[in-house]
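Here is what each chain is made of, one letter per residue.
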Amino acid sequence: MKTISTQGPATQQAGRPGGIRGRLIRTGAVLAFAAAAVGLTGGAAQAAPAPAGVGAANVCTLEVLSLTSRDLQETGGDEIKIKLAETKFGPWTFSVVPWERNASLNSPTKAFTGTIDVALREFDGVTYTTIDSFVTGYSLGVHDVVLDNSNTIYEMSYEIT
Ligand SMILES: [Ca+2]
């Protein structure tokens, strides 16, 4: 009795978070938060078609896994470069056939959206010969392609992720 009278009703209620008012306030806050969360989720779901459309033209990555010489461009050996979109890699020397280079290519990699141009070139100082080229899109997985011209043959393995 003595203790209750010194605290007073107001102090007693404010100092008891576990009281009915405290529970009501917390419940209300939780409901408001839940409603906000639902609102956010609903908004994201409604906006989903636009991002999904962008996602269809996702950013892909093409990585050259290996390059194998089957017939050289030059009898003394080739200085091969790979061009992925506008980015150039190499050169690597191929002086014998077959010569499969993989790790020594140092993983030429290029991110792209839509399609990407891939070209194989043979260099002579400042000039080059495009041996062959191709365009590929978002085709997941490992692919093998023959890049050749009238007197040169290379095989390339690449992966799109
Ligand atoms: Ca050359």
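The structure we're discussing is the one just above.
This is a predicted model, so every value here is computed, not measured.

A. Structural detail: the environment of Leu105. Note on placement: Leu105 falls in the loop between β4 (99-101) and β5 (109-113). Residue Leu105 is classed as partly exposed on the basis of its 18 C-beta neighbours within 10 Å. Through-space distance from the C-alpha of Leu105 to that of Trp92 is 7.5 Å; in sequence the pair is 13 residues apart. If sequence neighbours within four positions are ignored, Leu105 has contacts with Val64, Leu67 and Trp92.

B. Just the sheet that holds strand β2 (residues 78-84), in detail. Within the open sheet, the 4 strands sit side by side as β3-β2-β6-β7. Their pairing is antiparallel. Edge positions in the sheet fall to β3 (87-94) and β7 (127-136), since each of these pairs with one other strand and no more. Geometrically, the sheet is characterised by an average inter-axis angle of 20 degrees between neighbouring strands, direction not taken into account. As defined by bridge partners, β2 adjoins strand β6 (residues 116-124) across 5 bridges and the pair is classed as antiparallel. Its bridge partner being in β6, Ile82 is matched across the sheet by Leu120.

C. The pairing of β3, seen in detail. As paired elements, β2 and β3 share 6 bridges and run antiparallel to each other. In the strand pairing of β3, Leu84 is matched with Thr87. Counted between consecutive antiparallel strands, the loop separating β2 from β3 contains 2 residues, among which Ala85 sits at a positive phi close to 55 degrees.

Reading the values: the criteria
- In this numbering scheme, every chain counts its residues from 1 along its sequence in written order.
- Side-chain atom pairs in this predicted model are given and counted only at pLDDT of 80 or more, local residue features only at pLDDT of at least 70, and totals for whole chains, interfaces and linings cover all residues.
- Runs of H or I in DSSP of at least four residues are treated as helices and runs of E of at least two as strands, each being numbered from the N terminus.
- We call a residue exposed when 12 or fewer other C-beta atoms sit within 10 Å of its C-beta, buried when the count reaches 20 or more, and partly exposed for counts in between; the C-beta positions come from the backbone.
- This entry defines residue contacts through backbone-placed C-beta atoms, with two residues in contact when those atoms are within 7 Å.
- Two strands make a pair as long as DSSP finds a minimum of two bridges between them.
- Axis lines are fitted to C-alpha atoms, over the contacting stretch for helices. Their N-to-C directions set the angle, which ranges from 0 to 180 degrees.

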